[in-house]
Amino acid sequence: MSPVEKHGDKIVREFTRQAEGFADPRRNSAFTAQLGRLVRFMEPELDLDDVVLEVAAGTALVSRAIAARVRHVTALDLTPAMLAEGKRAADASGVTNMTFTRGDANGLPYLDRSFTLVLTRFSMHQVDDPEAVVREMVRVARPGAAIVVADIVRPGPAETVRPDGATGDPDRIERLRDPSHATLRTEAEIAAMLTAAGAEVRRVERFDVVRPLDPWLAFTRTPDETSAAIRKELEAELAGGAPTGMRPAFMDGNLHFTHAHAFIQAIAG
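Only a predicted model underlies this, so the values are computations on that prediction, with no experimental measurement involved.

Considered for burial, the residues of helix 3 (residues 35–42) that qualify are L35, L38, V39, F41 and M42. One side of helix 3 holds all its buried residues, which, seen down the axis, span an arc of 155°.

Given below as C-alpha cells:
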C-alpha cells in the first residue's frame, strides 16, 4: 500500500476484495442478520411515492429490501465491484425500480432537495469525513424528508472502561482487520452531525450484537499473522490483560466480541 494512498482508494481496494463475500449469503449473514430490524425501524418512513437514495450502499442490501415499498431507489457507492454484485442480485430478483450509480458520498451528484428518503448503513465508520457525508445527505433531502443513519458505533465508557480505569481503542483492532476502517463515532456524535446539518433527530434505536471472531476475520481475508495477533489480544484481555475495546467473550468454546449498533432517524429542515 502506498504511503500516500487516499482513504477513498483504500475503501475501493478493500471492498473490491470483499465484494464476492457480500454476494454470498453463507458468508454475509452478519450484514443480513439485522436487515429486517432496520426495515422495521424505517417502516414509518416508507411510502409508495418515495424517491429514495441509499448513500454508500455497497451491494444495496437495504435498497433491495425496500424497493417494493417505494417508487424508486438509487443506490450510490464508490466501489464498482460492490455495485455490480448488487445489480446482479437485483436483476435476478426482478427488481426494476432501482438505479445503481458510482459516486462519492462526500459530494453527491444530485441537486438540492431531490429525495424524499435518504439513508446510509455501515458507512459512518468507513468514511474519513462523516460530517461532509451527513451534510450532503441533508442537502439532497426534501424538507420534511426522513434521513436514516444505521451504523456500528463506539460503545460508551460504562461498557468498556474497567473498574481500574483502563480502556481500549476498538478502532485500532478494526483497522488491523480492515485497513479501510476509519473511526467509530458515538451515537451522540452522529446525532450532533445531523443536527448541525439542519436535520432534527426524532428516533434512535441502540442495541449490541455479539459476533464470533473467526468469520469476521475471514470475511475481510485478514492475513493469518494479523488474525492471530488480534485473537491473542482478545484472549489476553479475557485473562486480565490490557483492554481492547472489543468486549470479548468465550461462548460455546469460541471467541466472540461485541459491536454496538445504532439506528438514527431524523427529519430534514
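Counted according to the given criterion, the structure contains four aromatic pairs. A ring pair is formed by F207 and F263, whose centres lie 5.2 Å apart and whose planes are at 75°; its orientation type is edge-to-face. Linking F207 in strand 6 (residues 199–212) with F263 in strand 8 (residues 254–268), this pair joins segments that are 56 residues apart in sequence. Taking the relative accessible area as the measure of exposure, F207 reaches 7% and is therefore buried. Overall, F263 belongs to the buried group, its relative accessible area being 2%. Site record: aromatic cluster; members linked through ring pairs are F41, F207 and F263. Above the ring of F207, the side-chain terminus of R37 is found at 3.7 Å from the ring centroid. Over the ring of F41 we find R203; its NZ or CZ atom is 4.3 Å from the centre of that ring.

Our next topic: the pattern of salt bridges. Side-chain pairs of opposite charge can arise where the charged atoms are in close proximity. Taken as a whole and assessed by the stated rule, the structure comprises 16 salt bridges. One salt bridge connects D171 with R154, and the closest N-O pair in it is separated by 2.3 Å. You can see D171 sitting in helix 8 (residues 170–177) and its partner R154 sitting in the loop between strand 5 (141–153) and helix 7 (157–160), a full 17 residues away along the chain. Of the residues examined, R154 reaches a relative accessible area of 23% and is grouped as partly exposed. Across the pair E200 and R202 runs a salt bridge, and its minimum N-O distance is 3.4 Å. Because the salt bridges share partners, they merge into one network encompassing D112, E136 and R139.

Let us look at helix 9 (residues 187–196). Because each turn of an α-helix spans 3.6 residues, side chains separated by three or four positions in sequence point in the same direction. Of all the residues in helix 9, the buried ones are I190, A191, M193 and L194. All buried residues of helix 9 project into a common sector of 155° when viewed along the axis, lining one side. In helix 9, the exposed positions that point more than 90 degrees away from the buried face belong to A188 and A196. For helix 9, the elements touching its buried residues are helix 6 (130–139), strand 5, strand 6 and strand 8. G198 sits one or two residues past helix 9 and shows a positive phi near 105°.

All right, on to the environment of N254 then. Considering the arrangement of structural elements, one finds N254 in strand 8. For N254, a relative accessible area of 43% corresponds to the partly exposed category. Through-space distance from the C-alpha of N254 to that of L213 is 8.0 Å; in sequence the pair is 41 residues apart.

Okay, the packing of helix 8 against helix 11 (residues 224–238) next. At a minimum axis distance of 9 Å, the contact between helix 8 and helix 11 shows a crossing angle of 155°. In terms of their interaxial angle, helix 8 and helix 11 are classed as roughly antiparallel. In the crossing of helix 8 with helix 11, the sense of the turn from one axis to the other is left-handed. Contact residues: helix 8 offers R172, I173, L176 and R177, while helix 11 offers T226, I230 and E233. Of the residues contributing to the contact of helix 8 with helix 11, the split by class is three nonpolar, one polar and three charged.

Attention now moves to the pairing of strand 4 (residues 115–121). Taking burial as the measure, the seven residues of strand 4 include seven buried ones, the bulk of the element. Here four bridges tie strand 1 (residues 51–55) to strand 4, and the two strands are oriented parallel to one another. Across the sheet, E54 pairs through a bridge with L119, a residue of strand 4. Pairing of strand 4 with strand 5, which is carried by six bridges, proceeds in the parallel orientation. By the bridge assignment, V118 is partnered in strand 5 with I147. Each parallel crossover has a hand, and for strand 4 linked through helix 6 to strand 5 it is right-handed.

Each value, and the rule that gives it
- Each chain carries its own residue numbering, running from 1 in the written order of its sequence.
- Residue-level local features of this predicted model are given only where pLDDT is at least 70; pairs of side-chain atoms are given and counted only at 80 or more, and the full residue set underlies all totals for whole chains, interfaces and linings.
- Excluded from the side-chain calculation are hydrogens and water; included are all heavy atoms of the structure.
- Type-normalised accessible area, obtained with a 1.4 Å probe on protein chains alone, sets the label of each residue: buried when under 20%, exposed when over 50%, and partly exposed for intermediate values.
- Secondary structure elements follow DSSP: runs of H or I no shorter than four residues count as helices, runs of E no shorter than two count as strands, and numbering proceeds from the N terminus.
- Here the arc refers to the set of directions running from the helix axis out to each C-beta atom.
- Stacked, tilted and edge-to-face pairs are distinguished by plane angle, under 30 degrees for stacked and over 60 for edge-to-face with tilted covering the rest, among Phe, Tyr and Trp rings (Trp via its six-membered ring) whose centres lie within 6.5 Å.
- Each ring is checked for a lysine NZ or an arginine CZ that lies within 6 Å of its centre and within 35 degrees of its normal; such an atom marks a charge sitting over the ring.
- Take a side-chain nitrogen of Lys or Arg and a carboxyl oxygen of Asp or Glu: if they are within 4 Å of each other, that pair is a salt bridge.
- Residues count as neighbours in contact if any of their non-hydrogen atoms are within 4.5 Å of one another.
- Fitted lines through C-alpha atoms give the axes, limited to the stretch in contact for helices. The angle between two N-to-C directions lies from 0 to 180 degrees.
- The scheme is simple: roughly parallel for angles under 35 degrees, roughly antiparallel for over 145, roughly perpendicular for 65 to 115, oblique for anything else.
- Working rule for handedness: look at the near helix, and if it is turned counterclockwise from the far one by less than a right angle, call the crossing left-handed; if clockwise, right-handed.
- Each residue is assigned to one class: nonpolar for Ala, Val, Leu, Ile, Met, Phe, Trp, Tyr, Cys and Pro, charged for Asp, Glu, Lys and Arg, and polar for all the others, Gly among them.
- Here, any two strands with at least 2 DSSP bridges between them count as paired.
- Orient the strands so they point away from the viewer, and a crossover whose first-strand-to-second-strand path over the helix runs clockwise is right-handed.

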